[in-house]
Amino acid sequence: MKATGVVRRIDDLGRIVIPKEIRKTLRIKEGSPLEIFTEKEGDIILRKYSPIGEISNFSSEYVESLAKVTDLIAIVTDKDTIIAVSGTQKKDLLEQSISEELEKIIDKRESVILEQSKAIMITEKGNKEKEAKSQVIVPIISESEVTGSVILMAKEDSIKLGKQEEQIAKIAANFLGNQMEI
């Protein structure tokens, strides 16, 4: 555990304020769900809650199947992190923070098809050469909340993605959203 040197008092309603710098660094916004854990030593741990994280093993299997069927790179994210990646990109992308640009696209609740020239960086500290391929990005919506995204990405510069790949990604996003509601 990393000490921050910040001390806060609990108010009369039992609330504490998480400092702005920490909220900004961890991308915690108003309304962000947090899990609360306690340890035997008396420590209290707050962790950002990811509903997709609950089905991460399932998501990993799903992206592998998507990749085999489409011959594309398949990715599942929550609102902050890449939680599942298919194929050779796995070691470069898995558990990386998503870029602000991707977060904005997800928050719009609309699917997008991006040609290579307009492709965005998927990760915060992305590798332009590996990530700037044709992309389809579809938000995952569960119980009317945006919880992440499904991304299909071309393996090569010459591959262009279109409506068919968008439909496949929409099916995947809908399916994963439904799994979180069970």
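The structure this text deals with has already been given above.
Draft legend 1. Up close: the nonpolar core. Counting residues in hydrophobic clusters, the biggest one holds 21 residues, and the most contacted among them are Leu-66, Val-76, Ile-140, Val-150 and Leu-152. Only helix 2 (56–70), strand 3 (73–78), strand 4 (82–85), strand 6 (135–142), strand 7 (145–153) and helix 6 (163–181) provide two or more residues apiece to this core. Of all the elements, helix 6 adds the most residues to this core, at five residues. Listed in part, the 16 residues of the second largest apolar core include Leu-102, Ile-105, Ile-106 and Met-153.

Draft legend 2. How the structure looks around the packing of helix 2 against helix 6. Across the interface, helix 2 lies against helix 6 with an axial gap of 12 Å and an inter-helix angle of 165 degrees. Considering the angle they form, helix 2 stands roughly antiparallel to helix 6. Between helix 2 and helix 6 lies a crossing whose hand is right-handed. On helix 6, the residues touching Phe-58, Ser-59, Tyr-62, Leu-66 and Thr-70 of helix 2 are Ile-168, Ile-171, Ala-172, Phe-175, Leu-176 and Gln-179. In terms of residue class, the contact of helix 2 with helix 6 is made up of eight nonpolar, three polar and no charged.

Draft legend 3. Seen up close, the side chain of Ser-86. Relative to the helices and strands, Ser-86 resides in the loop between strand 4 and helix 3 (90–93). Take Ser-86: its relative accessible area is 2%, and that puts it in the buried class. Among the polar contacts listed, one links the side chain of Ser-86 to the backbone nitrogen of Ala-74, at a separation of 2.9 Å. Apart from residues no more than four positions distant in its own chain, Ser-86 is found in contact with Val-63, Glu-64, Ala-67, Leu-72, Ile-73 and Ala-74.

Draft legend 4. Inspection of the pattern of salt bridges at higher detail. For the structure shown, the criterion picks out eight salt bridges. Between Lys-155 and Asp-71 there is a salt bridge, and its shortest N-O distance comes to 3.1 Å. Taken together, the residues span a long stretch of sequence, with Lys-155 in the loop between strand 7 and helix 6 and Asp-71 in the loop between helix 2 and strand 3 at a distance of 84 residues. Judged by its relative accessible area of 42%, Lys-155 is partly exposed. When the shortest N-O distance is used, the salt bridge between Lys-133 and Asp-157 registers 3.0 Å. Here Lys-133, found in the loop between helix 5 (128–131) and strand 6, pairs with Asp-157, found in the loop between strand 7 and helix 6; they are 24 residues apart in sequence, far enough to count as distant. Classification of Lys-133 by relative accessible area gives buried; the value is 11%. When salt bridges with common partners are traced through the structure, they connect Lys-163, Glu-166 and Lys-170 into a single cluster.

Cut-offs used in this document
- Residue positions are counted from 1 within each chain, in the order its sequence is given.
- Residues qualify for local features only when their pLDDT is at least 70, as the model is predicted, and side-chain atom pairs are given and counted only at 80 or more; totals for whole chains, interfaces and linings, by contrast, use all residues.
- To obtain the side-chain values, all non-hydrogen atoms of the structure were included, while hydrogens and water were left out.
- Within this scheme, the nonpolar core is defined by two criteria: the residues are buried Ala, Val, Leu, Ile, Met, Phe, Trp, Tyr or Cys, and they are joined through side-chain atoms within 4.5 Å.
- Each residue is assigned to one of three classes by its accessible area relative to the maximum for its type, calculated with a 1.4 Å probe on protein chains only: buried under 20%, partly exposed between the two thresholds, exposed over 50%.
- Each helix is a run of H or I in the DSSP string that is no shorter than four residues. Each strand is a run of E no shorter than two, and both are numbered from the N terminus.
- Each axis is a line fitted through C-alpha atoms, and for a helix only the stretch in contact is used; angles between axes span 0 to 180 degrees, taken between their N-to-C directions.
- An angle below 35 degrees is read as roughly parallel, one above 145 as roughly antiparallel, one from 65 to 115 as roughly perpendicular, and any other as oblique.
- A clockwise turn of the near helix away from the far one marks a right-handed crossing, whereas an anticlockwise turn of less than a right angle marks a left-handed crossing.
- In what follows, a contact means two residues having at least one pair of non-hydrogen atoms within 4.5 Å.
- For this scheme, ten residues count as nonpolar: Ala, Val, Leu, Ile, Met, Phe, Trp, Tyr, Cys and Pro. Four count as charged, namely Asp, Glu, Lys and Arg, and the remainder, Gly too, count as polar.
- In protein, a polar contact requires one atom able to donate a hydrogen and another able to accept it; more generally it is a pair of N or O atoms within 3.5 Å, and residues adjacent in sequence count only if both atoms are side-chain atoms.
- Salt bridge, as used here, is a side-chain nitrogen of Lys or Arg placed within 4 Å of a carboxyl oxygen of Asp or Glu.

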